[in-house]
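Here are the chains, one letter per residue:
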Amino acid sequence: MSKKRPDGLLIGVDEKVSYPKAIALGLQHVLAMDLYIAPIIVAGLLSLSTENTSFFVQMCFLATGLATLIQTGFGLKLPVVQGPSYVPIGAIAAIGGKLGLGAIAGSLIPGAIMIALLGYPLKVFAKTVRKIVPPIVGGTVIIIVGIALMPVGLNNIYFAEGTIGQNVTIASISAGILVTCMVLGKRLPRFGSFFRLVSVILAIVGGSIAASFFYPIDFSPVKEAAWFSLPTLLPFGKPVFDMGAILTMMLVYLIILLETTGTWFVVSTITEEELDEKRLNRASFGEGLGCFVGSLFGSTPLTGYSSNAGLLAITGVGSRMVIMASGFILVLLGFIPKLSAIIICIPESVINGIFGIVCVAIVTNGMKIIQPIIIDDRNMIVIGVPILLTIAVTVLPKEVLATVPNWANYLLSSGISVGALATVILNLVIPVDKSLGQQRTQIEPIEK
């Protein structure tokens, strides 16, 4: 007897999809990703040449595709798209600036191995998650991720090519098309599923057409890019293993793991697939293995992308087959720079208008997880204070970061890191009021 599909999904996790349909739906996830932004920021901080920056972005496409196939295929075995994390940007820039590019790979490799070992063979990751990441923590971390990413998308709209008025208009049109498709998906019994399935592609096409009325879209990077390019192992030189850099990145990896665990909560909630101990340990191993492979090809640390998890709720496509198609497309982009250049040419205002709606979907899915929890004074603090700290760090003036020690700089560069750590710590140190009855303590899907 086949498992009942969740009400919010049009295509279940293990449902078969035709190859053309899987490629088309998988392409939506690739087009909606801003995975090239993190490596471009890192390249700018490291003062890489234009040629090296382009190659760096290409390697991130390749690493993202391989990591997605690893995690979705035999790691977590849920529809999760991997992508470059924003958390380690400050740490990577500091390590590369002080110790050279070889020290970046030398600091990433040991941390990736550590994350993999926590899953297998040590099998301690799941037990740790059960203890320190109950639903109140998991749901709050998801809300924090959505809130912290909102200003990123908004700033990318405000400071993109063109005037603020033009960019806001383009972003609004893109977001409006996406919301319209979501509404039509619910209201039209015959054609509703079509609008919902292709909502992201329609929003990107419509937004790009709107952008073309304000300014010409620059496709010169496509013309200049090569048709085919082979990846290179350790492209930035032999790894340099510095103990201080390694310990710093190990801490950063643990924060990234906490961030990606929040993404797994989102996916588990949407798909109603249980995060049991075996699956969690496989996920940690898959995360570490994906990051290890990525570090060998010159990529930054990879994490489960919350934005793509939000797309699951928007499109209703929870198929692993579709996400693995996304992985294959990303690998292909890593070999064909001309194709990856096309994606980079999509106006930022278009992508980030869609991104804003995705952030809303992330926040609301976090709310679903904490909805059954009794909000007493204790839980109000556990949920509310980390959100406050996340916003505080997000709007923190950049010049303040220059006045603090390196370790604090790494931490304060990410509102997600600060908020997630605060949630875990507050939940552990503030005692539960036993008189209010048993709280939900297990990681489990939300009952519809």
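Residues numbered from 1 in each chain as written. Predicted model: local features only at pLDDT ≥ 70, side-chain atom pairs only at ≥ 80, totals over all residues. Heavy atoms only, no water.

If you check an unreviewed UniProt entry, the protein appears there as Nucleobase:cation symporter-2 family protein from Sporosarcina jeotgali. As recorded by UniProt, the Sequence similarities (unreviewed entry) comment attached to the protein reads in full: "Belongs to the nucleobase:cation symporter-2 (NCS2) (TC 2.A.40) family." Checking UniProt for the protein, the heading Subcellular location (unreviewed entry) contains the comment "Membrane". (UniProt positions renumbered as here; feature names shortened; annotations may be inferred.)

Visitor: Report on the layout of surface pockets, specifying residues and quantitative values.
Guide: The space that makes up the second largest pocket amounts to roughly 360 Å³. If you trace the second largest pocket, you find 16 residues lining it, with M182, R196, A313, I314 and K368 closest to the centre. By residue number, the principal contributor to the lining of the second largest pocket is helix α17 (residues 348-370), which donates six residues. Of the residues assigned to the lining of the second largest pocket, the class counts are eight nonpolar, four polar and four charged. (1 Å grid on protein atoms, 1.4 Å probe; cavity = no way out; pocket = protein on both sides within 12 Å on 5 of 7 lines; lining within 4 Å. Points joined across faces, edges and corners; volume = space filled by probe spheres on them. Helix = DSSP H or I, 4+ residues; strand = E, 2+ residues; numbered from the N terminus. Nonpolar A, V, L, I, M, F, W, Y, C, P; charged D, E, K, R; others polar.)

Visitor: Could you give an account of unusual backbone geometry, with specific residues and numbers?
Guide: Across residues other than glycine, the phi torsion is negative in most instances, and most of the peptide bonds are trans. Omega for the bond connecting Y120 with P121 falls within 30 degrees of zero, at 10 degrees, which places this linkage in the cis form. Mapped onto the secondary structure, P121 falls in the loop between α5 (101-119) and α6 (125-132). Despite not being glycine, L234 has its phi angle at roughly 45 degrees, a positive value. With respect to the helices and strands, L234 occurs in the loop between α11 (220-224) and α12 (243-271).

Visitor: Provide a residue-level description of the packing of aromatic side chains, including the pertinent values.
Guide: In total, this model carries three aromatic pairs according to the counting rule given. With a centroid separation of 6.0 Å and 85 degrees between ring planes, the pair formed by F125 and W264 is classed as edge-to-face. Remark: W264 occurs in helix α12 and F125 occurs in helix α6; sequence separation between them is 139 residues. In this pair, the class of F125 matches that of W264, namely buried. Taking 6.2 Å as the distance between ring centres and 20 degrees as the angle between the ring planes, the aromatic pair formed by F228 and F335 counts as stacked. Here the residue F228 occupies a position in the loop between α11 and α12, and F335 occupies one in helix α15 (residues 320-335), the gap between them amounting to 107 residues. Residue F228 is classed as exposed on the basis of its relative accessible area of 54%. The partly exposed category is assigned to F335, whose relative accessible area is 24%. The residue whose ring lies beneath K338 is W227, and the NZ or CZ to ring-centre distance is 5.2 Å. (Phe/Tyr/Trp six-rings, centres within 6.5 Å; stacked < 30°, edge-to-face > 60°. Buried < 20%, exposed > 50% of the residue type's maximum accessible area, 1.4 Å probe, protein only. Lys NZ or Arg CZ within 6 Å of the ring centre and 35° of its normal.)

Visitor: Got a sec to walk through empty space enclosed by the protein? Specific residues and values, please.
Guide: Over the atoms a probe the size of a water molecule is rolled, and this reveals where empty space is left. Counted by the stated rule, this structure contains three cavities of 30 Å³ or more. Residue lining of the largest cavity: 18 residues in total, with L101, I104, A105, F236 and G298 positioned closest to the centre. The greatest single-element share of the lining of the largest cavity, amounting to five residues, is contributed by α5. Considering only residue class, the lining of the largest cavity consists of twelve nonpolar, six polar and no charged. Taken as a whole, the second largest cavity spans an internal volume of roughly 120 Å³. Lining the second largest cavity are 13 residues, with Y86, L149, E259, Y305 and S306 positioned closest to its centre. Those elements that provide at least two residues to the lining of the second largest cavity are β2 (302-304) and α14 (306-315). Among the residues forming the lining of the second largest cavity, the class breakdown is six nonpolar, five polar and two charged.

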